[in-house]
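Inside the fold
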Amino acid sequence: RSTTESALKEREIIKNNSLEKVEVKNCPVDEVLGIFLDFYSGRRDMNLNAKECMAVTVSQNRFLLNHLIGNFGFLNMWLAPEEAEEAVGVIDANGTEVCANCNQASPCVFILADKQFMCTSHQTVFLPALKPDESQLMQTIYQALTLYGIPKPCMKEFVKFKLGPFSRRIEFFT
């Protein structure tokens with residue numbers, strides 16, 4: 001384990017299990033949650049600069065922060081199977097009628113509007129954000145934001161997507 005990870009756990013910035021590598025057997029793809037960030041919304045409150053964020057990214061393999069030109073970026077998070085099941089759109093606040101139409105060609109993009117993350121393509125709401133205190137996935141997202149020193153108001157969009165297994169990704173370049 002990295003000394004950075006140990007130091008962050010000792011200072012209780014992250015929980016002891018937040019950076020654990022999740023082994024998934026017989027799973028043909030990785031599922032990733034992309035979080036679009038608008039740093040302009042809270043940049044004055046950020047604790048880490050871009051170089052420090054890069055150091056945090058390379059010190060673990062669960063979260064990947066990409067800064068874009070301007071005050072924008074993406075925080076990508078590899079999802080465990082149970083997190084991927086939770087990262088869905090639902091029709092109503094009761095959590096019924098899970099949206100099944102989302103796929104790589106037409107993913108749900110949950111955009112912050114009227115204090116909810118809504119997918120306008122499928123008319124759904126991002127389930128973890130409905131009850132963030134009860135959602136383990138939302139708590140992990142908050143831990144990731146804390147890890148990078150990013151204020152919660154910077155979150156503007158969520159999108160879940162799939163990546164092929166590493167062996168296939170590596171073959172892409174050969």
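Residues numbered from 1 in each chain as written. Predicted model: local features only at pLDDT ≥ 70, side-chain atom pairs only at ≥ 80, totals over all residues. Heavy atoms only, no water.

**Let's talk about the pattern of salt bridges**
Applying the stated criterion across every chain, the model contains two salt bridges. The residue Lys 160 makes a salt bridge to Glu 31 at a minimum N-O spacing of 3.7 Å. Taken together, the residues span a long stretch of sequence, with Lys 160 in strand E8 (residues 155–163) and Glu 31 in strand E1 (residues 30–38) at a distance of 129 residues. The salt bridge involving Glu 83 is made with Arg 62; its shortest N-O contact spans 2.6 Å. With Glu 83 in helix H3 (residues 81–86) and Arg 62 in the loop between helix H2 (50–58) and strand E2 (63–67), this residue pair connects regions lying 21 residues apart in the sequence. The same class applies to Glu 83 and to Arg 62, which are both buried. (Salt bridge = Lys/Arg side-chain N within 4 Å of Asp/Glu carboxyl O. Helix = DSSP H or I, 4+ residues; strand = E, 2+ residues; numbered from the N terminus. Buried < 20%, exposed > 50% of the residue type's maximum accessible area, 1.4 Å probe, protein only.)

**Thoughts on the pairing of E1**
Consecutive side chains along a regular strand alternate between the two faces of the sheet. Of all the nine residues making up E1, eight are buried; the element is thus mostly covered by neighbouring parts of the structure. Pairing geometry for E1 and E8, over eight bridges, is antiparallel. From the neighbouring strand, Val 32 faces E8, where its bridge partner is Phe 161. (Pairing = 2+ DSSP bridges.)

**Some details on the pairing of strand E5 (residues 109–113)**
Note that E5 and E8 share three bridges and pair antiparallel. Looking across to E8, one finds that Val 109 is bridged to Val 159. Relative to strand E6 (residues 116–119), E5 runs antiparallel, the two sharing four bridges. If you follow Phe 110 over to E6, its bridge partner there is Cys 119. Between E5 and E6, which pair antiparallel and follow one another directly, the connecting turn spans two residues, one of which, Asp 114, has a positive phi of 55°.

Honestly, it's all geometry; don't read function into it.
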